[in-house]
Amino acid sequence: MKDQLLNIQKEAKEKIQNLHSLEDLEKFRIEFMGKKGKLTSILRGMGGLSKEERPIIGKLANEVREAIESELGKMKTSIEEKILLEKLEKDKIDITLPGKEVEVGHHHPLYNIIGELEEIFASLGFAVAEGPEIELVRYNFDNLNVPLDHSSRDKSDTFYINDDICLRTQTSPVQIRAMKAKDVPIKVIAPGKVYRTDEIDATHSPLFHQIEGLIVDKGITMADLKGTLEYVVKRLYGEETKTRFRPHQFYFTEPSAEMDATCIACHGKGCNVCKGSGFIEILGCGMVHPNVLKACGIDPDVYTGFAFGMGLDRMTMLKYGIKDLRLLFANDTELLTQF
Ligand code: DAH
C-alpha cells in the first residue's frame, strides 16, 4: 500500500505538470481526489490494514494527499496568472486611440426659445412665475371671467379630473395665482405646458406650450403693452421686425388684441408660411379685465394691467424650420441634437 501511495504521488506529480487549463485541473482533481478517485479508493482500502500499519499508512496517505494538493494549488495559481496575463494582453488599452466621446445632453429647441424669452423679459424686470398643470377650474376659467357656457369649458375641449379640477388649457391661470399670492405691482411671465383635447397631427397636439405675461400697477396703459411687446419681438426676431395689432376678444382682457409680426420665413414678402400676408400671428393680449382684478382682490379703480399669452411650439417650429409638431415630442435624438 505504501508503494501504491508513492506511485500515485509520482504519477500525480507528473500529470500536474501537464495540466494547462482550469478544466484540465478539475478533471485531474476528480481523477485522483474525487469520490471514485485513485487516491480515495486506496484510502478506502485502509480498513483491511493491521493496527500497527494503519497509523503509519494513514500518516503517509495524508502526506501524499497534502503533497498533491500543494502541487495542484501551485499549478492552479500559475494557470490563473497565465489566463490573467492573456486577458490583459487582449484587453490592452491603446492610449494613442482617440477617446470615446462623452454624450452630453442639451436643451430641447423649445426650451431654447423659453430661455431666450426669459432672458429678454428678465432684462425688462419680469420675474418667472409658476403654476400647476393640474389646475382649479376656478382659476383656469371662472376667475378669468370666462362665461359658464363658453365652449372651451366643454368636456370635449378640456381634460377634466373632476368638476373642479382640470388640466390647464392655458397658462393664464398663473395670472390669477400671481395676483392672489403677490402684492401689486406685479410683473411676471409664466412659461409652461398646457393641455387641450386636440387630435394629434402636424400642427396640433393635446399637449403644447405657452408663455404668459402679466403686469399690474398704477397707470399701466395700452401704450405700455404695445411698447413692451414690440420691444420683445424685435429682440427675438431682429430690429427690422414689424408688428401689427388686430382687435380680438378674450374674456380676461378688455380691450383685447392679437399681435402679428413680420413673417420670419419670408421677412414680410409673403410666402406659404404666412399665406401670402407677410405677417404671422404671435400672441393674444389686452388690458386685464376689471372683473379679473376684482376676483383677485385688486381694486380696478386704482390699478390697471396688461396681459399676453404666446404659443411657443409654432414659434419653435418656425425658428428651426421644423415642419411637423410631432417631431418636437418624439424624443428623437437625431433631430434634437441638431439644435
Ligand atoms: N390664454 C389665451 C389662449 O390660450 C392667450 C391669451 C390671450 C393670454 C390674451 C392672455 C391674453 O394673457 O391677455 O388663447
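The following refers to the structure shown. Numbering of residues starts from 1 in each chain and follows the order in which that chain's sequence is written. Since the coordinates come from a predicted model, pLDDT governs what is reported: local features require at least 70, and pairs of side-chain atoms require 80 or more to be given and counted, while whole-chain, interface and lining totals use all residues. The basis for every side-chain value is the complete set of heavy atoms in the structure, and neither hydrogens nor water enter the calculation.

Below, the discussion takes up the sheet that holds strand β8 (residues 279-288). Pairing is mixed in the open sheet, where 7 strands are placed in the order β1-β4-β5-β9-β8-β7-β6. Edge positions in the open sheet fall to β1 (127-128) and β6 (243-250), since each of these has one partner strand only. Two strands pair when backbone bridges link them, and β6 and strand β7 (residues 253-262) are joined in this way by 7 bridges, in the antiparallel orientation. Note on β7: the bridge partner recorded for Arg246 is Glu258. Between any two strands, pairing holds if DSSP finds at least two bridges. Elements are defined by DSSP. Helices are runs of H or I of four residues or more, strands are runs of E of two residues or more, and each kind is numbered from the N terminus.

Attention now goes to the site of the ligand. Throughout, the term near means that a residue has one or more heavy atoms lying within 4 Å of the molecule or strand in question. In the region of the ligand, 15 residues are neighbours, and Gln170, Ser172, Arg196, Gln210 and Glu212 sit closest. In protein, a polar contact requires one atom able to donate a hydrogen and another able to accept it; more generally it is a pair of N or O atoms within 3.5 Å, and residues adjacent in sequence count only if both atoms are side-chain atoms. Between the ligand and the protein, one listed contact pairs a nitrogen atom with a side-chain N or O atom of Ser172 at 3.0 Å. The set of elements that each furnish at least two residues to the shell around the ligand consists of β5 (207-217), β8 and β9 (304-311). Residues are sorted three ways: Asp, Glu, Lys and Arg are charged, Ala, Val, Leu, Ile, Met, Phe, Trp, Tyr, Cys and Pro are nonpolar, and all the rest, Gly among them, are polar. A per-class count over the shell around the ligand returns 5 nonpolar, 8 polar and 2 charged.

All right, on to the packing of aromatic side chains then. Classification of ring pairs rests on two measures: the distance between centres of Phe, Tyr or Trp rings, Trp counted by its six-membered ring, which must be within 6.5 Å, and the angle between planes, read as stacked under 30 degrees, edge-to-face over 60 and tilted in between. Applying the stated criterion to the full structure yields 6 aromatic pairs. The rings of Phe121, Phe126, Phe306 and Phe308 are connected pair by pair, giving a single aromatic cluster. Remark: a charge is flagged as sitting over a ring if the NZ atom of Lys or the CZ atom of Arg is within 6 Å of the ring centre and within 35 degrees of the ring normal. Above the ring of Tyr160, the side-chain terminus of Lys155 is found at 5.6 Å from the ring centroid. A cation sits over an aromatic face here: Lys187 above Phe126, 5.5 Å from the ring centre.

Helix span, as expected, comes to 1.5 Å for every residue beyond the first. A rise of 1.5 Å per residue sets the reference length of helix α4 (residues 53-90), with its 38 residues, at 56 Å; its end C-alpha atoms lie 55 Å apart and thus fit the reference within 8%. Here α4 has its buried residues at Ile57, Gly58, Leu60, Ala61, Val64, Ile68, Glu71, Leu72, Met75 and Ile79. Looking at the buried residues of α4, the elements they touch are α1 (2-17), α2 (22-33) and α3 (38-44). Only protein chains enter the accessibility calculation, which uses a 1.4 Å probe. A residue is then buried if its area is under 20% of the maximum for its type, exposed if over 50%, and partly exposed in between. Contacts: residue pairs with any heavy atoms within 4.5 Å of one another.

To continue, consider a negative patch on the surface. Among the surface-exposed residues, Asp154, Asp157, Asp198, Glu199 and Asp201 lie close enough to one another that they form a single negatively charged patch. Mapped onto the elements of the fold, Glu199 is located in the loop between β4 (186-195) and β5. The exposure class assigned to Glu199 is exposed, which follows from its relative accessible area of 68%. Here the term patch refers to residues with relative accessible area over 30% and no salt bridge, with like charges joined within 9 Å and nonpolar side chains (Val, Leu, Ile, Met, Phe, Trp, Tyr) within 5 Å. Accessible areas in this description were obtained via Shrake-Rupley with a 1.4 Å probe; residue shielding takes into account the shown protein chains only. The salt bridge definition used is simple: a Lys or Arg side-chain nitrogen within 4 Å of an Asp or Glu carboxyl oxygen. Charged residues are defined narrowly, with Lys and Arg counted positive, Asp and Glu counted negative, and His plus the chain ends left uncounted. Where a charge lies is defined by one atom per residue type: Lys uses NZ, Arg uses CZ, Asp uses CG and Glu uses CD.

Relative to the helices and strands, Asp260 is located in strand β7. Within the local environment of Asp260, its side chain forms a polar contact with the side chain of Arg246, the two groups lying 2.8 Å apart. Those residues in contact with Asp260, other than ones at most four positions away along the chain, are Lys242, Thr243, Arg244, Arg246, Phe279, Ile280, Glu281 and Ile282.

Turning to the pattern of salt bridges, a few remarks are in order. Summed over all chains, the structure comprises 17 salt bridges. Its salt-bridge partner being Lys319, residue Glu116 comes within 3.0 Å of it at the nearest N-O pair. Of this pair, Glu116 sits in helix α5 (residues 109-123) while Lys319 sits in helix α10 (residues 313-320), placing them 203 residues apart in sequence. Residue classification places Glu116 among the partly exposed residues on the basis of a relative accessible area of 26%. For Lys319, a relative accessible area of 37% corresponds to the partly exposed category.

Without other data, these values stay purely geometric and don't point to any function.
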